Structure formats: structure tokens, C-alpha cells
Amino acid sequence: MDAGMLDGNAVAGLLQEVFAVEVTTATGTCAACGAAGAMGATHVYRGAGFVMRCPHCDNPLVKIVRGDDRLWIDLSGMRTLEVAV
Amino acid sequence: MAGTAVLGRLTWKAAKVVDVVVETRHVKTITFDVPDWPGHRAGQHVDIRLTAEDGYQAERSYSIASAPDGSRLGLIVVRIDDGEVSPYLTDELRPGDQIELRGPIGGYFVWEPAQGGPLLLVAGGSGIAPLMAMIRLRAAAKSDAQTRLLFSARSWDDIIYREELDRLNGGGLRVVNVLTDRQPPGWTGYARRVDAEMLAEVGPSPSERPRVYVCGPTPFVEAVAEALVRLGHDPRAIKTERFGPTGG
């Protein structure tokens with residue numbers, strides 16, 4: 001267990017800077033293991049940026065790095081993001 | 001709450017301090033008034049941003065401890081002695097001061113009275129904040145959701161909102177205190193870290209399918225969530241909010 005681990009909630013504000021939806025209640029499907037679940041239930045690790053990992057297989061779903069004037073978001077670990085509208 | 005998902009992008013707002021209350025040795029409740037506050041749901045948090053004269057900015061997230069109440073919201077701030085943000089918030093802020101705040105944030109770690117119970121709330125230290133919002137909302141909305149709060153603190157004097165929780169205890173709400181480090185003379189309650197045996201005794205049992213909310217430092221949340229799953233609770237019914245190592 002990593003004492004620095006957080007939940008998807010920890011990046012809810014950051015994601016809401018760019019997406020006009022509440023992302024933690026959206027359902028993400030892991031591209032590695034296929035598990036689907038609320039983004040708020042992902043395991044979040046903070047380093048130079050944030051990594052949101054699948055709580056089932058640990059695959060990095062989303063990586064977020066903030067530059068001076070931009071956010072760089074890598075979604076390659078996620079197959080789909082299902083958002084209620 | 002599908003219809004509430006579309007919120008628009010978050011922006012920083014000016015929040016005015018209206019009240020500062022000492023809760024315990026290290027903890028204060030700071031109440032803010034935020035014009036145009038859209039209202040919040042129990043369990044949501046806000047981000048606070050401080051800007052130094054040289055432009056350096058520091059941001060921290062704080063759970064809202066107050067029930068929805070117009071344009072007001074109360075945050076629990078724990079003073080971290082070598083922190084960047086919390087000593088300023090606890091030591092310097094006075095009623096009338098302004099800071100930058102954005103929110104409400106999050107929709108996952110949220111409880112609505114309409115969702116009902118039974119509820120199992122498990123708090124470690126200042127992890128009581130979002131759970132307190134749920135308990136206060138439950139009382140304000142006269143919800144009859146059967147609710148158990150298992151609240152772990154270091155000592156009797158470290159129990160945040162002790163008197164208010166005492167008052168609210170009873171009826172459908174049962175408050176169980178855990179004192180891990182020091183106990184007052186004659187203490188007959190739990191005096192160890194939260195474990196599976198304790199969770200089984202406090203209940204509700206997995207067969208009652210409670211909604212479970214666990215909030216506190218990461219190792220606390222990790223241990224509690226793991227014990228709950230081992231007892232047979234549905235992992236999907238367990239919502240967690242980990243503080244991590246607060247840079248304070």
C-alpha cells in the first residue's frame with residue numbers, strides 16, 4: 001500500500017477545469033482488464049502530475065500533467081468514458 | 001443524479017470568512033460566505049488557493065463539513081505545523097478576510113437523503129468532515145436512514161464535533177467513538193485501531209447492504225476498506241476518500 005494514494009475525487013477539481021461535467025461520477029472502462037467503474041473509485045497517485053489507476057488491475061487509465069498554461073491529459077489506458085448528460 | 005452532471009467549468013470565486021471556531025488543539029472550523037454559491041451536496045469538497053506576493057500559488061482540497069446552507073459553507077482545517085496552507089488558514093484568517101475558493105467539487109463521495117440507508121460512516125480524525133455534512137443533512141432533512149458512525153480519534157480531546165455528535169446521537173443515528181492513543185479514566189469504548197472485528201460488532205452486516213463511506217488518512221482508509229471487503233461488504237457499496245499525506 002502506498003501511503004500517498006488518493007481517490008479519483010482528488011482530481012475532480014482539476015478535471016472540472018477543462019471538462020464541463022463532473023468526471024468522478026462518470027464510468028470509465030479500463031483498456032487493459034475491461035473493468036468498468038466510477039472514476040471516483042480509481043486510485044490516484046501524485047508525482048510530477050497525477051495518475052489515475054484502475055482499482056482492479058492497476059493499469060494507468062489517465063495521466064494528467066499541468067504545465068504553466070496547459071493541462072496535458074493522456075487517456076490511452078481507458079477504452080471508454082461514459083458520461084451522464 | 002444524471003441531470004446534475006453538467007456543471008460547466010470550475011472557476012475561482014472570492015470567499016469571505018464569516019466565522020472561525022476552535023474545535024480541538026489542532027483543528028478549526030472556518031465558515032465562508034460565497035456569493036453566487038450554487039449550493040453543495042453532502043460529501044463534496046472545495047479547493048482553496050493562496051497566492052503569495054511573488055505570484056507563487058498553493059492549492060489544497062478541503063471537504064465541506066456543513067450541511068447545505070445557502071451561500072455558506074464550513075471547512076475543517078487541521079493545522080499542519082510545517083504546512084504551506086493550513087497554518088495561514090488557522091492562524092491568520094479572521095472574519096471579513098477573503099480567499100480564493102472553487103467548488104463544489106465531486107459527485108462520487110456524496111450522500112442524498114433520498115438514497116436512504118442504512119449508512120455506515122467510518123471516519124479517521126479530520127476525515128469526519130464530509131461525513132459530518134451527511135450527518136447534519138440527515139438531521140436537517142429529518143431523514144430516518146439508519147446510520148452508524150464509527151469515529152476514530154487519537155484521544156478524547158481530539159474528537160472533532162464531540163458535543164454536537166453527542167447531541168445528535170440516538171434515534172436512527174448511533175455514534176461509536178474509538179480512541180486509539182489515549183483514553184480517559186474509566187473509558188469502556190474501543191481503544192485500538194479500527195479492525196474487522198470492530199466493524200463486525202458495529203455493523204450493519206453485509207446482508208443489510210449498507211452504503212459505506214470511509215474518509216481519513218490513506219493508511220486508515222486502506223485498512224478499513226480492506227476489512228470491510230473481507231467481512232463480505234460489496235466493494236461497489238464502499239466509497240472512499242483518502243487524504244494522503246497532507247502537505248497541509
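Worth saying up front: this structure is predicted, and the values here are computed from it rather than measured.

Below, the discussion takes up helix α5 (residues 218-231) of chain B. All names here are of chain B. Here α5 spans 20 Å end to end across 14 residues, near enough to the 20 Å set by a 1.5 Å rise per residue. All of the buried residues along α5 are Thr-218, Phe-220, Val-221, Glu-222, Val-224, Ala-225, Ala-227 and Leu-228. The elements touched by buried residues of α5 are β7 (119-124), β8 (147-153), α4 (196-202), β10 (211-216) and β11 (238-242). Of the residues trailing α5, Gly-232 is marked for its positive phi of about 110°.

Residue and element names in this part refer to chain A. As summarised here, the arrangement of the 3 strands in space is β3-β2-β8, forming an open sheet in which the pairing is antiparallel. Both outer strands of the open sheet, β3 (36-38) and β8 (78-82), are each paired with one neighbouring strand and no more. In this sheet, adjacent strand axes meet at a mean angle of 25° when their direction is disregarded. Here 3 bridges tie strand β2 (residues 27-30) to β3, and the two strands are oriented antiparallel to one another.

What follows is about the interface of chain B and chain A. Across the contact, 25 residues belong to chain B and 28 residues belong to chain A. Between chain B and chain A we count 2 salt bridges in total. Close ionic contact of A:Asp7 with B:Arg242 constitutes a salt bridge, the shortest N to O distance being 2.2 Å. Seen at the junction of chain B and chain A, the total is 9 residue pairs in polar contact (both at pLDDT 80 or more). Elements represented by at least two residues in the side of chain B that touches chain A include exactly β3 (45-51), β6 (98-105), α5 and β11 of chain B.

So, on to unusual backbone geometry. Residue and element names in this part refer to chain B. In this structure, Pro-104 follows Gly-103 across a cis peptide bond, with omega equal to -5°. Examined against the element boundaries, Pro-104 turns out to sit in strand β6. The omega torsion of the bond from Gly-203 to Pro-204 falls at -5°, within 30 degrees of zero and hence cis. You can see Pro-204 is positioned in the loop between α4 and β10. Here Tyr-161, not a glycine, exhibits a phi torsion of approximately 60°, which is positive. Its location among the elements puts Tyr-161 in the loop between β8 and α3 (162-168). For Tyr-161, a relative accessible area of 6% puts it in the buried group. We note that Arg-209 has phi near 50°; this positive angle belongs to a residue other than glycine. Relative to the elements of secondary structure, Arg-209 occurs in the loop between α4 and β10.

What follows concerns the side chain of B:Arg102. Relative to the helices and strands, B:Arg102 resides in strand β6. Separated by 2.7 Å, the side chains of B:Arg102 and A:Glu17 make a polar contact.

Across soluble globular proteins, nonpolar side chains have a tendency to be buried as a group. All names here are of chain B. Residues Leu-131 and Leu-149 are the most contacted members of the largest nonpolar core, which totals 31 residues. Counting residues per element, the ones that place at least two in this core are β7, α2 (128-140), β8, β9 (173-179) and β10. Of all the elements, α2 adds the most residues to this core, at 8 residues. Residues lining this core come from more than one domain, with at least three contributed by each of domain 1 (13-105) and domain 2 (113-242). Beyond its immediate stretch of four places on either side in the chain, Leu-149 contacts Leu-121, Ala-123, Ile-128, Leu-131, Ile-135, Leu-165, Arg-174, Val-175 and Val-176.

A separate point is the environment of B:Asp54. Residue and element names in this part refer to chain B. You can see Asp-54 is positioned in the loop between β3 and β4 (57-63). Here Asp-54 falls in the exposed class, since its relative accessible area comes to 65%. In this structure the C-alpha to C-alpha distance between Asp-54 and Leu-228, which are 174 residues apart in sequence, comes to 47 Å. A distance of 2.9 Å separates the side chain of Asp-54 from the backbone nitrogen of Tyr-56, its partner in a polar contact.

Residue and element names in this part refer to chain B. With antiparallel pairing, the 6 strands of this open sheet are ordered in space as β4-β3-β6-β1-β2-β5. Each edge of the open sheet is held by one strand with a lone partner, namely β4 and β5 (72-78). Direction aside, neighbouring strands of the sheet carry axes that sit 40° apart on average. Of the strand pairs in this sheet, β3 and β4 are connected by 7 bridges, and their pairing is antiparallel. For Val-46, the partnering residue across the bridge sits in β4 and is Tyr-62.

Residues and elements named next belong to chain B. The assigned domain composition of chain B is domain 1 (13-105) and domain 2 (113-242). Taking only C-alpha atoms into account, the centre of domain 1 sits 24 Å from that of domain 2. Surface buried jointly by domain 1 and domain 2 totals about 1200 Å² across both partners, of which 64% is contributed by carbon and sulfur atoms. Counting the contacts that link domain 1 with domain 2 gives 0 salt bridges. At the junction of domain 1 with domain 2, the criterion picks out 4 residue pairs in polar contact (both at pLDDT 80 or more). Mapped by element, the contributors of at least two residues to the side of domain 1 that touches domain 2 are β2 (27-33) and β5.

What counts and what doesn't
- Residues numbered from 1 in each chain as written.
- Chains lettered and ligands numbered in written order.
- Predicted model: local features only at pLDDT ≥ 70, side-chain atom pairs only at ≥ 80, totals over all residues.
- Heavy atoms only, no water.
- Helix = DSSP H or I, 4+ residues; strand = E, 2+ residues; numbered from the N terminus.
- Expected span 1.5 Å × (residues − 1).
- Buried < 20%, exposed > 50% of the residue type's maximum accessible area, 1.4 Å probe, protein only.
- Contact = heavy atoms within 4.5 Å.
- Pairing = 2+ DSSP bridges.
- Axes fitted to C-alpha atoms, helices over the stretch in contact; angles between N-to-C directions.
- Salt bridge = Lys/Arg side-chain N within 4 Å of Asp/Glu carboxyl O.
- Polar contact = N/O pair within 3.5 Å; in protein donor to acceptor, adjacent residues only side chain to side chain.
- Core = buried A, V, L, I, M, F, W, Y, C linked by side-chain atoms within 4.5 Å.
- Domains from an automatic or database assignment.
- Buried area = accessible area lost by both parts, 1.4 Å probe.

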